[in-house]
Structure formats: structure tokens, C-alpha cells
Amino acid sequence: MEFEYDWLTLGQHRIRLRSTKGFPTETMRTAVEVIRLAIDSNMSARARLVEVVLRQESAYEIAVGTTFAEDRLCAPQLEAAIATVLGLQLAQINIVVTVVTQEEVDLHFGVYERMLAEKLGVVPPIQ
């Protein structure tokens, strides 16, 4: 059984937490709440936080899915802001924004989040 994964629902975001050090901690959950707030406040309404990975050296890899291409422009500024709030170096935060077309995903609540996670490779497609 793998203990490095956990799922967290915050508002419209269904987030897979992954820690290479073991089970995601409360500190990681707090960081994810800060990341979610930054995304909700600065990206489009279609942007969803899909996965947060914590590496050994306290580096966060953040996967965001969206149907709005301009959300990519926010990533560098959000990386700097999140690093500052969490007291980390800029190199320890990496946001990857994946843009999909609206034809590729169903925009109904719950289905949209699942389809984004599948497109980003976070979860396998439903058989």
C-alpha cells in the first residue's frame, strides 16, 4: 500500500497531494491552502489546482489545469508570491499550467475536475 498520496477537496479544487517523504503532512496541507487561494484570486474561474508534489528538498511542483490560455501568464508571478508567503526560495516553487480546449473536457462541476486530472496524467482514465 502506498502512503505518499492523499486527496483534498478545497472549494472547486479536487487536489491530489503527493509527498516523496511519506504521507502528506499538515504543513503541506497549509501550503496547499495558500496555493489554492493564490490561484483562485489571480487566475480565471476555469483554473483548477490538480496536483501538488512535495519533493525531498522542500520543493513544490504544482499542476494547474485550465481552458483559458492566458492563465499561463500568471504562473511566474504566482511562483514568486507563493514562495514569499511560504518562506521558500523562488526555485522551490514550480507551477505548470496545462491548457486544454473546452471540447476536451465537460464543464459540469466534478466532471471538469476529473477530466483535467486525466488530461494532466494525475489519474488514469475511467475504464
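In what follows, the structure referred to is the one given above.
Residues numbered from 1 in each chain as written. Predicted model: local features only at pLDDT ≥ 70, side-chain atom pairs only at ≥ 80, totals over all residues. Heavy atoms only, no water.

Draft legend 1. Quick look at helix 3 (residues 111-119). Of the residues making up helix 3, those classed as buried are Tyr112, Glu113, Leu116 and Ala117. When helix 3 is viewed along its axis, its buried side chains cluster within an angular range of 135 degrees and face the same direction. The inward-facing, buried residues of helix 3 contact strand 2 (13-19), strand 3 (48-54) and strand 4 (60-66). One or two residues past the end of helix 3 sits Gly121, with phi positive at roughly 80 degrees. (Buried < 20%, exposed > 50% of the residue type's maximum accessible area, 1.4 Å probe, protein only. Helix = DSSP H or I, 4+ residues; strand = E, 2+ residues; numbered from the N terminus. Arc of directions from axis to C-beta. Contact = heavy atoms within 4.5 Å.)

Draft legend 2. Examining the side chain of Glu51 more closely. By the element assignment, Glu51 lies in strand 3. Engagement of the side chain of Glu51 in a polar contact is seen with the side chain of Arg16, the distance being 2.7 Å. The residues contacting Glu51, other than those within four sequence positions of it, are Ile15, Arg16, Arg18, Glu61, Ile62, Ala63 and Val122. (Polar contact = N/O pair within 3.5 Å; in protein donor to acceptor, adjacent residues only side chain to side chain.)

Draft legend 3. View of the side chain of Arg16. If you trace the backbone, Arg16 turns up in strand 2. Those residues in contact with Arg16, other than ones at most four positions away along the chain, are Tyr5, Asp6, Trp7, Val50, Glu51, Val52 and Val122.

Draft legend 4. Examining the sheet that holds strand 5 (residues 93-99) more closely. Overall, mixed pairing links the five strands, which are arranged 1-2-3-4-5 in an open sheet. Strand pairing shows two members of the sheet lacking a second neighbour, strand 1 (5-10) and strand 5, which therefore form its edges. Direction aside, the axes of adjacent strands within the sheet are offset by 20 degrees on average. When strand 4 meets strand 5, the two strands line up parallel, connected through seven bridges. Within strand 5, the position partnered with Val64 by the bridge is Val97. (Pairing = 2+ DSSP bridges. Axes fitted to C-alpha atoms, helices over the stretch in contact; angles between N-to-C directions.)

Draft legend 5. Spatial organisation of the packing of helix 1 (residues 26-42) against helix 2 (residues 75-86). It is at 10 Å that the axes of helix 1 and helix 2 come closest, and there the two elements cross at 145 degrees. Between helix 1 and helix 2 lies a crossing of right-handed hand. Across the interface between the two elements, Ala31, Val34, Ile35, Ala38, Ile39 and Asn42 from helix 1 touch Leu78, Ile82, Val85 and Leu86 from helix 2. When grouped by side-chain class, the residues that make up the contact of helix 1 with helix 2 number nine nonpolar, one polar and no charged. (Left-handed = near helix turned anticlockwise from the far one by under 90°. Nonpolar A, V, L, I, M, F, W, Y, C, P; charged D, E, K, R; others polar.)

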